[in-house]
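Now for the letters of each chain:
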Amino acid sequence: MDPPLRREDEFSGQNTDAQFLNLMYYALLGRNPDTGGFNFWINQINSGSLTRGGVVPNFLRSNESIDRVTNAFAASYVKHNIDSPTQVGLRNAANNGAT
């Protein structure tokens, strides 16, 4: 079954690859792309090494994305910052399949 996210115009090819990547940075990382990262991802798409669908999980499972989600959770629900050892543990858990 195709996830609903991939059926939205922004993710299904109704925009340029550059617009898609800018959206990934903004929506998932909350920032504008850095030049090196943007160039890396655009080259992955242009070379055929990854499709847009292959880029999305890389963004979602990046340490930066995991940190953003866990820090937002901590700020909203437990009302304190996450210390470094806990952050590393959460990253490892997410990278090993925890959701």
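Structure shown above.
All of the points below concern the structure found in this document.

## Points about the nonpolar core
Here is step 1: Formed by 13 residues in total, the largest nonpolar core has its most connected members in Phe 20, Leu 21, Met 24, Trp 41, Val 55 and Phe 59.
Here is step 2: Breaking this core down by element, the ones donating at least two residues are helix H2 (17–29), helix H3 (35–47) and helix H4 (52–60).

## Notes on the packing of helix H5 (residues 63–78) against helix H6 (residues 84–95)
Here is step 1: Between H5 and H6, whose axes approach to 10 Å, the crossing angle comes to 115°. Helix-helix and strand crossings are classified by hand; for H5 and H6 the assignment is right-handed. Two secondary-structure elements touch here, H5 through Asn 63, Ile 66, Asp 67, Thr 70 and Asn 71 and H6 through Gln 87, Leu 90, Arg 91, Ala 94 and Asn 95.
Here is step 2: The residue inventory of the contact of H5 with H6, partitioned by class, reads 3 nonpolar, 5 polar and 2 charged.

## Regarding the pattern of salt bridges
Here is step 1: According to the stated counting rule, one finds 4 salt bridges in the structure shown.
Here is step 2: One salt bridge in this structure joins Arg 31 and Asp 34, with 3.3 Å as the shortest N-O distance.
Here is step 3: Asp 34 gets classed as partly exposed once you look at its relative accessible area, which sits at 35%.
Here is step 4: When the shortest N-O distance is used, the salt bridge between Asp 67 and Arg 91 registers 2.6 Å.

## Brief notes about the environment of Leu 21
Here is step 1: Within the secondary structure, Leu 21 is located in helix H2.
Here is step 2: With 20 residues separating them along the chain, Leu 21 and Trp 41 place their C-alpha atoms 7.6 Å apart.
Here is step 3: If we ignore the near neighbours within four places in the chain, the residues touching Leu 21 are Phe 38, Trp 41, Ile 42, Ile 45, Val 55 and Phe 59.

## Structural notes on the side chain of Ser 65
Here is step 1: Following the sequence through the fold, Ser 65 ends up in helix H5.
Here is step 2: Side-chain polar atoms of Ser 65 contact the backbone oxygen of Leu 60, separated by 3.3 Å.
Here is step 3: Those residues in contact with Ser 65 that sit more than four places away from it in its chain are Leu 28, Leu 29, Phe 59 and Leu 60.

## Some thoughts on a nonpolar patch on the surface
Here is step 1: There is a patch of nonpolar side chains on the surface, built from Phe 73, Tyr 77 and Val 78 and spanning about 350 Å² of accessible area.
Here is step 2: Residue class for Tyr 77 comes out exposed when judged on its relative accessible area of 62%.

## Comments concerning the packing of H2 against H4
Working note: a packed helix pair is described by the angle between its axes plus the distance between those axes.
Here is step 1: Two elements in contact, H2 and H4, have axes whose closest approach is 10 Å; the angle formed by their N-to-C orientations is 25°. If you check the angle between H2 and H4, you find them roughly parallel. As H2 packs across H4, the resulting crossing turns out to be right-handed. Where H2 abuts H4, its residues Asp 17, Phe 20, Leu 21, Met 24, Tyr 25, Leu 28 and Leu 29 lie against Arg 52, Val 55, Val 56, Phe 59 and Leu 60.
Here is step 2: For the contact of H2 with H4, the per-class residue count stands at 10 nonpolar, no polar and 2 charged.

Scoring rules and cut-offs
Residues numbered from 1 in each chain as written. Predicted model: local features only at pLDDT ≥ 70, side-chain atom pairs only at ≥ 80, totals over all residues. Heavy atoms only, no water. Core = buried A, V, L, I, M, F, W, Y, C linked by side-chain atoms within 4.5 Å. Buried < 20%, exposed > 50% of the residue type's maximum accessible area, 1.4 Å probe, protein only. Helix = DSSP H or I, 4+ residues; strand = E, 2+ residues; numbered from the N terminus. Axes fitted to C-alpha atoms, helices over the stretch in contact; angles between N-to-C directions. Left-handed = near helix turned anticlockwise from the far one by under 90°. Contact = heavy atoms within 4.5 Å. Nonpolar A, V, L, I, M, F, W, Y, C, P; charged D, E, K, R; others polar. Salt bridge = Lys/Arg side-chain N within 4 Å of Asp/Glu carboxyl O. Polar contact = N/O pair within 3.5 Å; in protein donor to acceptor, adjacent residues only side chain to side chain. Patch = residues over 30% accessible without salt bridge, like charges linked within 9 Å, V, L, I, M, F, W, Y side chains within 5 Å. Areas by Shrake-Rupley, 256 points an atom, 1.4 Å probe, with all protein chains shown as cover. Parallel < 35°, antiparallel > 145°, perpendicular 65-115°, else oblique.

Function cannot be inferred from these measures alone, as they are strictly geometric.
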